[in-house]
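Chain residues, written in single-letter form:
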Amino acid sequence: MSLADLFLPKFCLGCGFLGCYICPKCEKKLIYIQKDSCLYCGQPSPFGLTHVLCFKKDCLDGLISVFYYNDFLKKIIKSFKYKRALVVWNEFKIIIKPERLNKISFYKKLATEFFFQPIPLSLLREKKRGFNQAEVITDFLREFLDFPKAQFLLRKKEGFPQAQIKERKKRAFNIRGAFEVINKKTLINKKIILVDDVATTGATLKEAARVLKKTGANKVFAFTLARRH
């Protein structure tokens, strides 16, 4: 046991077990997604591609996620996201089975070059948190897919936290107009993978895709650690 563990002991976020944030017993509560689905209709779709009948102008081309979003994963993400607990993330990423990430290699089959775009926070919120969790997740992804990380988007306003809004329509309205493109010329015909922690209704990802495509992006996909059923 290190001195850090002695003075700041770790307790499992699921059951309170002493010694780690995610104990072997609670790790089993993390449910991997077996079949990805279309973000718009919720029906199964290979690699989370948006169905042809669901596809509209400026919409997201597809979404790949790793886990289903449940109560235990919610505790992990909240601890990592709001308590500056990067030590929780460092423990969490180790237990993600590499074979469960094999599906993201699908992007390499689509194009030789994508750009990762972490969903940006407002400067005020990022300063308050100390980091942007989407940036941290993107750095993790780049260990498996060596696509460059770009900053095409700026968050020009930070509305009410999306996680605290239950209704789908209110979420969409709350995020509308939140993003703008920093340099329009650099975006023309680019293929982008948006990165975020969770997709619930997908309102944030949809709005980011809308702005990117409206400004000239060719394809916009997304990756999240988790999504709701």
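Residues numbered from 1 in each chain as written. Predicted model: local features only at pLDDT ≥ 70, side-chain atom pairs only at ≥ 80, totals over all residues. Heavy atoms only, no water.

Q: Lay out the packing of helix H4 (residues 86-95) against helix H7 (residues 133-141) in plain terms, naming residues and giving numbers.
A: For the pair H4 and H7, the least separation of the axes is 12 Å and the interaxial angle reads 30 degrees. It follows from the interaxial angle that H4 and H7 lie roughly parallel. In the crossing of H4 with H7, the sense of the turn from one axis to the other is right-handed. Contact residues: Leu86, Trp89 and Lys93 in H4; Val136, Ile137 and Phe140 in H7. Looking at side-chain class alone, the contact of H4 with H7 contains 5 nonpolar, no polar and 1 charged residues. (Axes fitted to C-alpha atoms, helices over the stretch in contact; angles between N-to-C directions. Helix = DSSP H or I, 4+ residues; strand = E, 2+ residues; numbered from the N terminus. Parallel < 35°, antiparallel > 145°, perpendicular 65-115°, else oblique. Left-handed = near helix turned anticlockwise from the far one by under 90°. Contact = heavy atoms within 4.5 Å. Nonpolar A, V, L, I, M, F, W, Y, C, P; charged D, E, K, R; others polar.)

Q: Outline the environment of Ile95, listing residues and values.
A: Positionally, Ile95 belongs in helix H4. Each C-alpha atom of the pair Ile95 and Ile22 lies 9.0 Å from the other, and the pair is 73 residues apart in sequence. Beyond its immediate sequence surroundings of up to four residues, Ile95 is in contact with Ile22, Glu27, Leu30 and Tyr32.

Q: Explain the packing of helix H3 (residues 71-82) against H4 residue by residue, including any values.
A: Where H3 meets H4, the closest approach of the two axes is 7 Å, and the angle between their N-to-C directions is 135 degrees. In terms of orientation, H3 lies oblique with respect to H4. As H3 packs across H4, the resulting crossing turns out to be left-handed. Residues Leu73, Ile76, Ser79 and Phe80 of H3 form the contact with H4, whose own contacting residues are Leu86, Val88, Trp89 and Phe92. Classifying every residue of the contact of H3 with H4 by side-chain character gives 7 nonpolar, 1 polar and no charged.

Q: Any details on the pairing of strand E5 (residues 191-199)? Residues and values, ideally.
A: With 8 of 9 residues buried, E5 lies mostly within the body of the structure. Note that strand E2 (residues 115-118) and E5 share 4 bridges and pair parallel. Of the residues in E5, the one forming a bridge with Gln117 is Leu194. Relative to strand E6 (residues 219-227), E5 is paired through 8 bridges, and the arrangement is parallel. When the bridges of E6 are listed, Val198 appears paired with Ala226. Handedness of the crossover joining E5 and E6 through helix H10 (residues 203-214): right-handed. (Buried < 20%, exposed > 50% of the residue type's maximum accessible area, 1.4 Å probe, protein only. Pairing = 2+ DSSP bridges. Right-handed = clockwise from strand over helix to strand, strands pointing away.)

Q: I'd like a rundown of the packing of aromatic side chains, residues and numbers included.
A: In total, this model carries 15 aromatic pairs according to the counting rule given. Seen from their ring centres, Phe80 and Trp89 are 5.3 Å apart, and the 20 degrees between their planes marks the pair as stacked. With a relative accessible area of 2%, Phe80 lands in the buried category. A relative accessible area of 3% places Trp89 in the buried class. For the ring pair Phe114 and Phe147, a centre distance of 5.6 Å and an interplane angle of 55 degrees mean the geometry is tilted. Separated by 33 residues along the polypeptide, Phe114 in the loop between helix H5 (106-110) and E2 and Phe147 in the loop between H7 and strand E3 (153-155) bring together distant segments of the chain. When sorted by exposure, Phe114 lands in the same class as Phe147, which is buried. Pairwise contacts between aromatic rings join Tyr32, Phe67, Phe80, Trp89, Phe92, Phe131, Phe140 and Phe144 into one cluster. (Phe/Tyr/Trp six-rings, centres within 6.5 Å; stacked < 30°, edge-to-face > 60°.)

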